Structure formats: C-alpha cells, structure tokens
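Given next are the chains, with one letter for each unit.
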Amino acid sequence: MSELVVEVNNLSRSFGKTKALDCVDFQANRGKVYGLVGANGAGKTTLIKHLLGLLRAKSGTVRILGEDPVKKPASVLKHIGYLSEDRDIPDWMSIDELMRYTNAYHSGWDQSYADELLNTFSLDPAKKIKTLSRGMRAQVALISAVAHRPDLLILDEPSSGLDAVVRKDILNAVVRTISEEGRTVIFSSHLLEEVERLSDHVTMIHQGRVTLDSSLEMINNNHHCSSIRFAEQQHTPPKLESVVAISGEGRFWSAIHEGSTDSFGNTLQKIGGEIVESRHATLEEVFVSKVGREDLREQTQTIEGAK
Ligand code: ATP
C-alpha cells in the first residue's frame, strides 16, 4: 500500500461569504498520528468532511489512498473509520445491535477487539443507546469507529464528552494501537496538551488557512520560550526577527521564538540582551503565538461549556 494515505492539494471551500478553507494542502502518511488544531470555526470539520467525501472539492483535489472519495465512495470508505463531532448513532438500538450493524458494513470487523474495548469502558452490550450518558455514547461511537481496524481513522473532537481518565488512558491506547499497526489517525482537538501527547504531526488551521504543518519533533526543536535580560531598560518590546510573541517590561522579557537558542542568543547580544533561561515552547504557546490569545480563550470556553 502507498505510504501516502491522504493527499489534499490547494483545497478551498466557501459557504456564502465565509471562506472555510483557503488553498489548503495537507498530507498524511501511513502509521502516523496527525493532530488538527484550530479555534472554533477554523475549518477543521470542513476539511474532514472533504476527506470523507461528504463535501465535494469545488476547487483543489482530495485523494484517499489515491482515490477521490466523492467519485469512489465504496472503495474509499471501506478503509476509513470515522467518529463525528456529534456522535450520530441510532438511539433506538442496543449497544450490541449497533456493534452487529456496524460489523455488517466492515469486512475487517474484529469482534474480540470490540469486546475488549466494551469491557475496558465497562459498557453493558444489552443497554439501549438512548439510556447512555454523553460520555458513554462517545465511548460506543469510538468503538464502532475503530473495531474494524481501519487504514485511516478520523476522529472529529474525540475528547468531547469523555472524562479526563478516559481521555488520557483509553483514547491514548486506541490511537496508539491503530498507529502501531501501521495505520493512520487524523484527529481534531481543542485540547492542545492532548494533541501534543498523541500526535506525530500537527496541522494548525486558522481562518481556513494552514498556519503550521510540521512534525511535532520539528515544532519542538524549532520553537523555544526564553527568559531574557537586557543591560538597559527597554521601553517598548524589543523587535527581533525570530520572535513570534514577547511580553515583559524594563530589563526582563519572555519571548517565544523560532530557530535555535544559539542563534537567538547571538542576535540578542547585538542589542544588549542575553538569554537567562530557555526551554522548548509548548504547543499551546506556539498556538497562541500563531493565532492569538483570544482564539485560545475562545477554545477554552468551548471546552468548559462542553464539560
Ligand atoms: P469547531 O472547532 O467549532 O467545530 P471547525 O474548525 O471544525 O470549528 P468548521 O465547522 O469547519 O470549523 O467551520 C468553518 C467555517 O465554515 C465556520 O465559519 C462555519 O460557520 C462555516 N461553515 C461550516 N459548514 C457550513 C455550512 N454547511 N454552511 C454554512 N457555513 C458553514
């Protein structure tokens, strides 16, 4: 099978005056976990819908394992497991009925894996879906998306509705199992700490445009948070080319900057400053520096509201 599982080129999509996707390029390789991050309305779900063939590419191209998901839905969808943001699973079925129903769609359904996950979540297969809590529904939906061990697993906000333990332990295990088997996972999340923990690669979308698309390792190596000290008081934030965000006052400042700390230190020296302490920036700090604190606040409020 080709290494390239997803290939999106120059994809744009507007809804009326809203540009949901603007010239987006995105690629996903076999065996890797891709985190899609962005504030509310950034365009993540719109991109996912194109991958699933739920939206037709009006401008640009989308290929899953080399095929167009709109023109070849049957051959594309059999390789995909999908968990939607709103977990649209039939209320009137029992968990067991849903498992058998989903099984019928997928030749590779692994009932022992489904049973193992049901057991891990302590879910009673005889229970009707309409009687389940929001978190339990999320768990059932997750099992039906992964139990056929798809080549490509797409999870839209898999954490919403899941409690912290389930998020940390189970989601982690499910995502890792799939990728260790050489399968690909793409998931969107508002939880940057979770994206940082689970992903090999991060794609940041802001107002329909990709603002960062890189392996997590590269992001870590290329973004630092440094405390800096100047010999003289600085009355305005010092202007340095590699700095993406800076705060502080007087002689003491804190900067998120790109590139190596050595070259940043050299540049600082020329304007009378020095690095006091430096560490890798967190994904949250990189996000804030790229899209702004307001967008992070907006995201945090969404998460609080969903609890
Ligand atoms: P969230 O994190 O809130 O789910 P998102 O990143 O998934 O956001 P999208 O759902 O892709 O964002 O939406 C991108 C933009 O396109 C938003 O401005 C949204 O209002 C708009 N949009 C999406 N779908 C439609 C639609 N069917 N009709 C009109 N506007 C839409």
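Keep in mind that what you see is a predicted model, and the values were worked out from it rather than measured.

(A) Expanded view of the environment of Arg 87. Structurally, Arg 87 can be placed in the loop between β5 (80-83) and α3 (95-105). The buried category is assigned to Arg 87, whose relative accessible area is 9%. The sequence separation of Arg 87 and Asn 266 amounts to 179 residues, and the corresponding C-alpha distance is 52 Å. Apart from the residues within four sequence positions on either side, Arg 87 is in contact with Arg 137, Ala 138, Ala 141, Asp 156, Glu 157, Pro 158, Ser 159 and Ser 160.

(B) Region of the structure containing unusual backbone geometry. You will see that Ser 122, though not glycine, has its phi angle at about 55 degrees, which is positive. You can see Ser 122 is positioned in the loop between α4 (111-120) and α5 (134-146). At Glu 157, a position not held by glycine, the phi torsion is positive, near 50 degrees. Residue position: Glu 157 is located in the loop between β6 (152-156) and α6 (164-180). Using a relative accessible area of 6% as the deciding quantity, one classes Glu 157 as buried.

(C) Spatial organisation of the domain arrangement of the protein chain. Structurally, the protein chain comprises domain 1 (4-214) and domain 2 (219-306). Relative to domain 2, the C-alpha centre of domain 1 lies at a distance of 33 Å.

(D) Spotlight on the pattern of salt bridges. Tallied over the full model, the rule gives 15 salt bridges. The partner of Glu 67 in a salt bridge is Lys 72, with the nearest N and O atoms 3.5 Å apart. A salt bridge links Arg 137 to Asp 91; the nearest nitrogen and oxygen atoms lie 2.7 Å apart. In this pair, Arg 137 is assigned in helix α5 and Asp 91 in the loop between β5 and α3, connecting sequence segments 46 residues apart. Connected via shared salt-bridge partners are Asp 110, Arg 149, Asp 151, Glu 181 and Arg 183.

(E) Fine view of the site of the ligand. The ligand sits among 13 residues. The nearest are Gly 41, Lys 44, Thr 45, Thr 46 and Glu 85. Between Asn 40 and the ligand, the recorded distance is 3.1 Å, taken from a side-chain N or O atom to an oxygen atom. Gly 43 places a main-chain nitrogen or oxygen 2.9 Å from an oxygen atom of the ligand. For the ligand, whose accessible area on its own is 630 Å², the fraction buried by protein is 62%. Looking at the shell around the ligand, the elements that each hand over two or more residues are β2 (18-29) and α1 (44-51). Residue classes in the shell around the ligand are distributed as four nonpolar, seven polar and two charged.

(F) View of the sheet that holds strand β3 (residues 33-37). Spatially, β5-β6-β7-β3-β8-β9 is the arrangement adopted by the six strands of the open sheet, whose pairing is mixed. With partners counted over all chains shown, the strands left at the sheet margins are β5 and β9 (209-215), one partner each. Here the average twist between neighbouring strands, direction ignored, is 15 degrees. Sheet topology note: the β5/β6 ladder contains four bridges and is parallel. Its bridge partner lying in β6, Leu 83 is registered against Leu 155. Along the sheet, α5 makes contact with β5 and β6, crossing β5 at roughly 170 degrees. Contacts from helix α10 (residues 283-291) reach β3, β8 (201-206) and β9, with the element oriented near 30 degrees to β8.

(G) Representation of the packing of aromatic side chains. One pass over the structure, following the stated rule, counts two aromatic pairs. Geometrically, the ring pair formed by Phe 26 and Tyr 34 is edge-to-face, given 5.9 Å between the ring centres and 80 degrees between the ring planes. You'll find Phe 26 and Tyr 34 in the same group, each marked buried. Taken together, a centroid distance of 5.5 Å and an interplanar angle of 70 degrees make the contact between Tyr 101 and Tyr 105 edge-to-face. Of this pair, Tyr 101 and Tyr 105 both sit in helix α3, four residues apart, which is roughly one turn of that helix. On the basis of relative accessible area, Tyr 101 is assigned to the partly exposed category, the value being 41%. Positioned above the aromatic ring of Tyr 113 is the side chain of Arg 149, whose terminal nitrogen or guanidinium carbon lies 4.0 Å from the ring centre.

Definitions and limits used
- Residues numbered from 1 in each chain as written.
- Predicted model: local features only at pLDDT ≥ 70, side-chain atom pairs only at ≥ 80, totals over all residues.
- Heavy atoms only, no water.
- Helix = DSSP H or I, 4+ residues; strand = E, 2+ residues; numbered from the N terminus.
- Buried < 20%, exposed > 50% of the residue type's maximum accessible area, 1.4 Å probe, protein only.
- Contact = heavy atoms within 4.5 Å.
- Domains from an automatic or database assignment.
- Salt bridge = Lys/Arg side-chain N within 4 Å of Asp/Glu carboxyl O.
- Near = heavy atom within 4 Å.
- Polar contact = N/O pair within 3.5 Å; in protein donor to acceptor, adjacent residues only side chain to side chain.
- Areas by Shrake-Rupley, 256 points an atom, 1.4 Å probe, with all protein chains shown as cover.
- Nonpolar A, V, L, I, M, F, W, Y, C, P; charged D, E, K, R; others polar.
- Pairing = 2+ DSSP bridges.
- Axes fitted to C-alpha atoms, helices over the stretch in contact; angles between N-to-C directions.
- Phe/Tyr/Trp six-rings, centres within 6.5 Å; stacked < 30°, edge-to-face > 60°.
- Lys NZ or Arg CZ within 6 Å of the ring centre and 35° of its normal.

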